[in-house]
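# Fold and geometry: a report
So the chains spell out like this:
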Amino acid sequence: QVQLVESGGGLVQAGGSLRLSCAASGSIFSINRMGWYRQAPGKQRELVAVITSSGIRNYVDSVKGRFIISRDNAKNTVYLQMNTLKPEDTAVYYCNVEAVANITYEFLNSWGQGTQVTVSS
């Protein structure tokens, strides 16, 4: 019942920046938690950053001080500003949203299609 559309991935040199966007749509009563995961070749998917409805943010240690997660509740959109990118950041980035459905109030957990981020040396 929730669809997520990601954008903003691409190819960038080490030290550069990218901003990922993820827009949620559907029959949504509220969005509780929004976050970004990533998966590199040969590795398991890991949580990169999350933001709660109250604005609490958490990051994986490897991106602290470089990445910033934010949300625009009016647009049902979450962003990931990625600065000082490193080759180790190369991965497919997935948006994830935890929400409550309209009318039924059922719990929803949705994933974006994934967007490739490649950082060259």
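This report concerns the structure included in the present document.

Cut-offs applied
- Numbers given for residues are sequential positions, taken from 1 along each chain in its written order.
- Two thresholds apply to this predicted model, a pLDDT of at least 70 for residue-level local features and 80 or more for giving and counting side-chain atom pairs, whereas whole-chain, interface and lining totals are computed over all residues.
- Note that water and hydrogens are dropped before the side-chain values are worked out from all heavy atoms of the structure.
- Helical segments are the DSSP runs of H or I of at least four residues, strand segments are the runs of E of at least two, and each set is numbered from the N terminus.
- Between buried and exposed lies partly exposed: a residue is buried under 20% and exposed over 50% of the maximum accessible area for its type, with that area taken using a 1.4 Å probe on protein chains only.
- We call two residues in contact whenever any of their non-hydrogen atoms come within 4.5 Å of each other.
- A pair of strands is labelled paired if DSSP reports no fewer than 2 bridges between them.

Attention now goes to the environment of Ser110. Its place among the elements puts Ser110 in strand β10 (residues 107–111). A residue is classified by how much of its surface remains accessible, and Ser110, at 11% relative accessible area, is buried. With 79 residues separating them in the primary sequence, Ser110 and Ile31 have C-alpha atoms 11 Å apart. Setting aside its immediate chain neighbours within four residues, Ser110 contacts Val2, Leu4, Cys95, Asn96 and Val97.

Taken together, the 6 bridges between strand β4 (residues 28–39) and strand β5 (residues 46–52) define a ladder with antiparallel strand orientation. Opposite Met34, over in β5, you have Ile51 as the bridge partner. Relative to strand β6 (residues 57–59), β5 runs antiparallel, the two being bridged by 3 bridges. If you follow Val50 over to β6, its bridge partner there is Asn58. Counted between consecutive antiparallel strands, the loop separating β5 from β6 contains 4 residues, among which Gly55 sits at a positive phi close to 95 degrees.

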